[in-house]
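Okay, here's what each chain looks like letter by letter:
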Amino acid sequence: MLATPFLAGLGLRFERFEPDDVVLRLAFRPELTNDGQRYHGGVVAAVMDTAGAAAAWSNHDPARGTRAATVAMTVQYVGSAAGQDLVCAARTIRRVRELIFTEIHATDPGGNPVAHGVQTYRIA
């Protein structure tokens, strides 16, 4: 997953990859910001989307399918991780047939909130 060109360019790394429970970290880089300090909202959303997808895959049986996509995601931005790494924790809330529902929290390394999201992911 992290080897895809876009994600590889971000330089994400897993801090935890357990069934239905994933934590990703994005190392701070000024080129990912609006002002040299605060992440562009699209960067935050991309990392959150990736964390949610990883949580969906983390406990998935590939025999049930491998074609996947985000169906929907909402993000509420509530803070910033100014000049700091971004940490995204995602957990699977429910699995129903092909749909997986995840919840994602983005914080700075100290746990201060940056954004909260919910995602619907499909693997078929």
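Not measured: the values here are computed from a predicted model.

For this particular structure, what's the right way to read the overall build of the protein?
Helix and strand counts for the protein stand at 2 helices and 6 strands. Along its sequence from the N terminus, the protein presents helices and strands in the succession α-β-β-α-β-β-β-β. At 14 Å, the protein has a C-alpha radius of gyration in line with the 14 Å of a compact globule built from 124 residues. Dimensions of the protein, computed from C-alpha atoms along their principal axes, come out at roughly 45 × 25 × 20 Å. Here the protein holds 124 residues, and 39% of them are scored as buried.

I would appreciate a short explanation of the pattern of salt bridges in the present structure.
Oppositely charged side chains can pair when the atoms bearing their charge come close. Under the criterion given, the structure shown has 9 salt bridges. Notably, a salt bridge pairs Asp-20 with Arg-95, separated by 2.7 Å at the nearest N-O pair. Here Arg-95 lies in strand β4 (residues 86-96) and Asp-20 lies in the loop between β1 (13-18) and β2 (21-26), a separation of 75 residues in the sequence. What makes Arg-95 partly exposed here is its relative accessible area of 30%. Measuring nitrogen to oxygen at the nearest pair gives 3.0 Å for the salt bridge that ties Asp-85 to Arg-25. Of the two residues, Asp-85 sits in the loop between β3 (68-77) and β4 while Arg-25 sits in strand β2, which places them 60 residues apart along the sequence. Exposure remark for Asp-85: the relative accessible area of 21% places this residue in the partly exposed category. Here the salt bridges share partners, and the residues they tie into one network are Arg-13, Glu-15, Arg-25 and Asp-85.

Got a minute to help me understand the sheet that holds strand β5 (residues 99-107) in this structure?
Sheet strands pair via backbone hydrogen bonds, and the direction of the pair is either parallel or antiparallel. Reading across from one edge, β1-β2-β4-β5-β6-β3 is the order of the 6 strands in this open sheet, with antiparallel pairing throughout. Strand pairing shows two members of the sheet lacking a second neighbour, β1 and β3, which therefore form its edges. Sheet twist, expressed as the average angle between the axes of neighbouring strands with direction ignored, equals 15 degrees. Pairing geometry for β4 and β5, over 9 bridges, is antiparallel.

Can you walk me through the side chain of Ser-58 in this structure?
Residue placement: Ser-58 occurs in the loop between α2 (41-57) and β3. Looking at Ser-58, the relative accessible area reads 13%, which means it is buried. With sequence-adjacent residues up to four places away left out, Ser-58 is seen in contact with Phe-17, Glu-18, Pro-19, Asp-20, Asp-21 and Val-22.

Would you explain α2 in this entry?
Helical geometry: 3.6 residues make up each α-helical turn, so side chains three or four residues apart lie on a common side. The terminal C-alpha atoms of α2, which comprises 17 residues, lie 24 Å apart, in line with the 24 Å expected from a rise of 1.5 Å per residue. Summarising burial for α2: 13 of the 17 residues are buried, a large majority.

In this structure, what is going on with the nonpolar core? I would like to understand it.
Side chains that are nonpolar tend, in soluble globular proteins, to be buried together. In terms of nonpolar packing, the biggest core is built from 24 residues, with Leu-12, Leu-26, Tyr-39, Val-44, Leu-86, Cys-88 and Ala-106 touching the most fellow members. For this core, the elements supplying multiple residues, two or more each, are α1 (5-10), β2, α2, β4, β5 and β6 (113-123). Element by element, the count of residues in this core is highest for α2, at 7 residues. What Leu-26 contacts, discounting residues up to four positions off in sequence, is Leu-10, Leu-12, Leu-32, Tyr-39, Val-43, Val-47, Asp-85 and Leu-86.

Can you walk me through the environment of Gly-110 in this structure?
Along the chain, Gly-110 turns up in the loop between β5 and β6. Considering only alpha carbons, one finds Gly-110 and Leu-86, 24 residues apart in sequence, at a separation of 10.0 Å.

I'm lost on a nonpolar patch on the surface in this one. Help?
Taken together, the side chains of Met-1, Phe-14 and Phe-17 present a nonpolar region at the surface, about 270 Å² in accessible area. Relative to the helices and strands, Phe-17 is located in strand β1.

The rules behind each value
In this numbering scheme, every chain counts its residues from 1 along its sequence in written order. Side-chain atom pairs in this predicted model are given and counted only at pLDDT of 80 or more, local residue features only at pLDDT of at least 70, and totals for whole chains, interfaces and linings cover all residues. Working from all heavy atoms in the structure, the side-chain values ignore hydrogens and water. Comment: elements are numbered from the N terminus, with helices defined as DSSP H or I runs of at least four residues and strands as E runs of at least two. We compute the radius of gyration over the C-alpha atoms and compare it with the globule rule, which gives 2.2 Å times the number of residues raised to the power 0.38. Residue exposure (1.4 Å probe, protein chains only): buried if accessible area is under 20% of the type maximum, exposed if over 50%, otherwise partly exposed. Salt bridges are identified by distance alone: a Lys or Arg side-chain nitrogen within 4 Å of an Asp or Glu carboxyl oxygen. A strand pair is defined by DSSP finding two or more bridges across the two strands. Structural elements are reduced to axes, namely lines fitted to C-alpha atoms, with helices fitted over the stretch in contact, and the angle between N-to-C directions of any two is expressed from 0 to 180 degrees. The contact definition used throughout considers only heavy atoms, calling two residues in contact when any of these lie within 4.5 Å. For a helix, the expected span equals 1.5 Å multiplied by the residue count minus one. To qualify as a nonpolar core, a set must consist of buried Ala, Val, Leu, Ile, Met, Phe, Trp, Tyr and Cys residues joined through side-chain atoms within 4.5 Å. Patch definition: residues with relative accessible area over 30% and no salt bridge; like charges joined within 9 Å; nonpolar side chains (Val, Leu, Ile, Met, Phe, Trp, Tyr) joined within 5 Å. Working definition of accessibility: Shrake-Rupley area with a 1.4 Å probe, residue cover restricted to the visible protein chains.

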